[in-house]
Every structure is written in structure tokens, then in C-alpha cells.
Amino acid sequence: MSRPNILILMADQFRSDLIGANGSAICRTPYLDKLAAGGVTFTRAYCTTPLCTPARGALFTGRYPHSNGLTANTQYPDTPTPRLREGERLLFEHLAAAGYHCGYVGKWHLSVGDEAAEARRRGVADFLNARQAAALHRERLGLALRDDLGKSRARTMEGPHPPMSGVAPYPAEYATDAGVAGQAIELLRHYREQRLGTSERPFAIICSFPGPHFPIEPPEPYASLYRPEDVPMLASFEDTFEGKPQGQRSHPWLQLAAHLSWPEWQRVIAHYWGFATFVDALMGRVLDVLDETRLAERTIVMATADHGEMAGHHRMFDKGPYFYDDVMRVPFVWRRPGFIDARDGPNEALVRHVDVVPTVLELAGIEPVPGSPPPQGRSLLPEFSAGVGGVRARHASPV
């Protein structure tokens with residue numbers, strides 16, 4: 001049985017409605033649009049909760065946070081849920097047990113402590129976090145050290161009247177997201193040189209971008225790609241929060257951005273769109289190398305985000321303990337030539353992050369690790385083709 005390679009492109013805090021293929025009127029995402037044109041984009045795809053760790057835990061286990069144990073972010077020393085509940089499995093464990101060589105580049109946010117050690121324990125053979133990837137990328141390009149790296153939050157979110165967005169003072173290749181793309185590309189080329197990528201030696205790569213999560217400070221030319229005056233007034237901007245929970249009326253992120261006037265919000269949103277287009281372009285770099293290595297035809301590609309971003313809707317910034325579509329809907333684009341039928345338009349089926357693991361495992365033709373708790377999502381194979389039997393017949397054919 002043919003076992004496809006797997007490439008998961010993941011962003012952090014990327015709104016679903018920014019994707020052109022999902023109907024975006026202004027923000028441009030040409031690479032995600034191209035990916036969708038060769039497969040399918042879901043416009044009603046939802047995360048389990050708009051918070052990084054719980055969302056990622058659900059995506060990579062196929063199980064809800066209350067089941068897998070990751071209900072809070074892991075970066076805090078006193079987090080109540082520092083790691084997965086005993087017995088829970090990540091996608092990489094199932095893949096590695098079936099003979100996949102797994103690589104992970106970028107933001108992890110699934111456990112406390114030594115991320116590399118935890119990743120290896122969970123089936124990841126090659127692991128680089130975002131900071132490591134960026135450092136290696138700059139070194140490989142021979143970029144000089146700069147003293148303004150890592151200070152974006154201070155520039156954009158601190159002070160008596162923080163601007164909440166800005167323009168990176170360095171070229172694009174210094175950006176951490178560029179480093180994540182660069183190292184994912186290096187890994188992809190290395191796997192090709194090692195003759196990985198065949199049915200007998202398949203690989204899985206997760207390329208996890210930190211952006212367009214705040215600090216919203218994209219580099220040029222992306223920072224100036226959209227004019228603030230072109231950002232239309234948001235329908236929910238004048239929300240009074242009357243009758244809504246106190247947590248919404250007094251949430252810290254609402255208060256943090258309360259000083260912004262509408263023209264200032266237009267600038268923030270324009271910068272956020274530019275950041276999203278920058279991440280889309282970086283995804284495109286990885287996809288171009290997948291084509292270059294001639295592995296695209298036998299690779300499942302899935303692009304998503306852990307959750308969305310309020311981006312001024314309801315005058316809010318970031319995300320929080322509320323379930324607006326702004327933060328709950330996520331990009332959800334799938335492609336595998338010959339297995340996932342290309343569609344003329346978006347698929348409006350209701351789908352979830354917990355559907356990723358059962359879908360990938362069925363597309364790859366592998367079973368979960370024995371004794372694993374059952375996934376709480378469903379395989380999306382019926383959504384990929386009008387003839388489910390046809391998909392499965394092709395899936396069982398040798399390549």
C-alpha cells in the first residue's frame with residue numbers, strides 16, 4: 001500500500017476570512033489560494049478553543065482539551081496543565097510507529113520544559129523550535145547580528161499609548177517566520193537527499209509559524225502592502241457589550257487596545273493583513289521546494305492555524321475567553337493530487353481540528369498506536385470526493 005508524505009503548514013492567530021479562496025476582498029493569500037485550487041478549502045472549520053496550547057493539543061491528538069488534558073497554555077511556570085494526560089498520543093507517535101520519519105520546525109507550545117526531548121519522545125526525529133530555526137537561517141545567509149531583534153513587543157505594545165503594530169526595522173530574512181520557512185526547506189531538501197519520501201520511507205514535516213500572532217510588526221514590503229484607509233469599518237466595532245459576560249466587557253486585551261481610535265485600528269489591521277500575506281508567502285516558499293523536489297504528487301499538504309485573531313472586531317485585540325467566529329474559525333486547506341478532488345469553490349461542511357488526526361491516518365492508510373484513546377473527530381475523506389469508495393480505491397493502489 002502506498003504511504004504518502006505529509007506536510008502540515010501551521011500559522012498562529014491567522015483568520016480564516018483573510019484567505020482569498022475563502023472570499024477575502026482585500027487581503028491577499030496567493031499561495032493558500034493556489035493550494036486550495038488544487039484541493040479543498042473549508043470555510044466552516046473551527047478550533048476547539050481560541051488559546052494556543054489547547055487548540056494545538058486538540059489538533060495533534062484528535063481529542064478535545066478536557067480529554068487530552070491540555071486546557072491551558074504551557075509557557076507559564078504555574079500552568080495547571082503542563083503536558084498531555086498520561087496515555088494520550090500525538091499524531092507524530094502514530095506516524096513514527098508506522099515507519100514515518102518525522103520533522104518539526106517552529107512553534108511547539110505543547111509541553112513545558114525541554115521541548116526537543118518531549119518531541120523526540122513523541123516520535124519527532126528532527127526538531128527545531130522557532131528561535132533555533134531563525135538563528136540557523138540567519139547564519140546560513142551570513143546575516144550580521146543586530147541588537148533590535150526580539151524587541152518587537154516593546155516597540156508595539158508598551159508605553160503610555162502603545163501603537164499595537166508597527167514596521168519591523170530589519171529586512172524580511174531576519175524575521176523569525178522567515179527562519180522557520182528556511183529551516184523547513186532545508187529539512188525537506190535533506191530528506192530528499194537521504195532518499196526519504198518514498199512509500200517505503202515516507203516523511204512527515206510540520207512547519208509551524210509563530211506569525212501572524214502579535215507583536216504585529218511585519219517587515220517591508222509587507223508592512224506597506226495595504227493602505228489603512230482601505231480597511232472598511234467593521235460591523236461589530238461599535239459593540240456596547242450590553243448583556244454580554246463581564247469577562248468580555250473587562251477582558252485585558254480589550255482594555256489594552258481601548259486607546260485606539262478607528263484610524264489607528266485601521267493601521268493595526270492593515271499591518272496584520274500584511275503579516276498574514278508575509279506568512280502566506282513563506283508557506284509558498286516551502287510549497288515551491290516541495291514542487292522542486294518532485295514530491296508534491298505524493299504528499300498530503302494541510303494548512304491551518306491554531307485559532308484566529310480579533311483584529312479590531314468588537315474593538316478587541318488578540319483572542320480570549322469568548323467564542324466569536326473571529327477567533328474560532330481557522331484556515332483549513334487540504335491537497336493531495338489524485339486523492340483529494342480539486343473543487344471549484346470552498347467546502348462549507350462543518351469541520352474541526354479534532355478531525356485532522358483521523359483524516360491523516362486514513363489518508364496514510366495506517367492505524368493508531370495500539371491502546372491509544374480513540375479520536376473524537378471524524379475522517380474527512382467523504383468530504384474530499386463525491387465518491388468515497390473511489391477515494392479509498394485510489395488510496396489502496398500502489399504508486
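Note that the structure is predicted; figures quoted are calculated from it, not measured. (Residues numbered from 1 in each chain as written. Predicted model: local features only at pLDDT ≥ 70, side-chain atom pairs only at ≥ 80, totals over all residues. Heavy atoms only, no water.)

Caption draft 1: Main features of the environment of Thr 48. By the element assignment, Thr 48 lies in the loop between strand E3 (45-46) and helix H2 (52-61). In this structure Thr 48 comes out as buried when scored by relative accessible area, which is 17%. In this view, Thr 48 contacts Pro 54, Ala 55, Ala 58, Tyr 64, Pro 65, Met 328 and Val 354; residues no more than four positions away in its chain are not counted. (Helix = DSSP H or I, 4+ residues; strand = E, 2+ residues; numbered from the N terminus. Buried < 20%, exposed > 50% of the residue type's maximum accessible area, 1.4 Å probe, protein only. Contact = heavy atoms within 4.5 Å.)

Caption draft 2: The pattern of salt bridges, seen in detail. According to the stated counting rule, one finds 22 salt bridges in the structure shown. Between Glu 229 and Arg 227 there is a salt bridge whose closest N-O contact spans 3.4 Å. Residue Glu 229 is classed as exposed on the basis of its relative accessible area, which comes to 51%. Judged by its relative accessible area of 48%, Arg 227 is partly exposed. If you follow the salt bridges from partner to partner, you end up with Arg 89, Glu 93, Glu 118, Arg 121 and Arg 122 in one network. (Salt bridge = Lys/Arg side-chain N within 4 Å of Asp/Glu carboxyl O.)

Caption draft 3: Up close: the sheet that holds strand E8 (residues 332-335). In space, the seven strands of this open sheet follow the order E2-E8-E7-E1-E6-E4-E5, with mixed pairing throughout. Taken across any chain shown, the strands that pair with only one partner, and hence form the sheet edges, are strand E2 (40-41) and strand E5 (126-128). The pairing of strand E4 (residues 101-106) with strand E6 (residues 203-212) spans six bridges and is classified as parallel. Residue pairing for E6: Gly 106 is matched across the bridge by Ser 208. Contacting strand E1 (5-12), E4, E6 and strand E7 (299-305), H2 runs over the sheet at an angle of about 165° to E1. Each of E1, E6, E7 and E8 touches helix H11 (residues 262-292); the most contacted strand, E6, lies at about 160° to it. (Pairing = 2+ DSSP bridges. Axes fitted to C-alpha atoms, helices over the stretch in contact; angles between N-to-C directions.)

Caption draft 4: Highlighting the packing of aromatic side chains. Applying the stated rule across the entire model yields 18 aromatic pairs. On the basis of an interplanar angle of 85° and a centroid distance of 5.6 Å, the ring pair of Trp 108 and Phe 127 is categorised as edge-to-face. A residue pair is termed long-range when its members are at least 10 positions apart, and Trp 108 in the loop between E4 and helix H5 (115-121) and Phe 127 in strand E5 qualify at 19 residues. What makes Trp 108 buried here is its relative accessible area of 1%. Here the aromatic residues Phe 60, Phe 92, Tyr 104, Trp 108 and Phe 127 are joined through ring pairs into a cluster of three or more. Directly above the aromatic system of Tyr 174 lies the positively charged group of Arg 146, at a separation of 5.3 Å from the ring centroid. For Arg 336, the ring lying beneath its charged end belongs to Phe 339, and the centroid distance is 3.8 Å. (Phe/Tyr/Trp six-rings, centres within 6.5 Å; stacked < 30°, edge-to-face > 60°. Lys NZ or Arg CZ within 6 Å of the ring centre and 35° of its normal.)

Caption draft 5: Structural context of helix H1 (residues 30-37). Taken as a whole, H1 has its buried residues at Leu 32, Leu 35 and Ala 36. Projected onto a plane normal to the axis of H1, the buried residues spread over an arc of 100° and lie on a single side. Facing away from the buried surface of H1 by more than 90 degrees, the exposed residues are Lys 34 and Ala 37. Each element contacted by the buried residues of H1 is listed here: E2, H11, E7 and E8. (Arc of directions from axis to C-beta.)

Caption draft 6: Just the confidence of the model for the chain, in detail. When pLDDT is averaged along the chain, the result is 93, and 96% of the positions lie at 70 or above. In the predicted structure, residues 386-399 sits below a pLDDT of 50 and forms 22 contacts with residues beyond four places in sequence or in another chain. (pLDDT = per-residue confidence, 0-100.)

Caption draft 7: The nonpolar core, seen in detail. Within the largest apolar cluster, 66 residues are counted, with the highest numbers of intra-cluster contacts made by Leu 9, Phe 14, Trp 265 and Phe 317. The set of elements that each furnish at least two residues to this core consists of E1, H1, helix H6 (130-141), helix H8 (176-193), E6, H11 and E7. At 18 residues, the largest contribution of residues to this core is made by H11. When residues no more than four places from it in sequence are discounted, the contact partners of Trp 265 are Phe 237, Ala 257, Leu 260, Ala 311, Gly 312, Arg 315, Met 316 and Phe 317. (Core = buried A, V, L, I, M, F, W, Y, C linked by side-chain atoms within 4.5 Å.)

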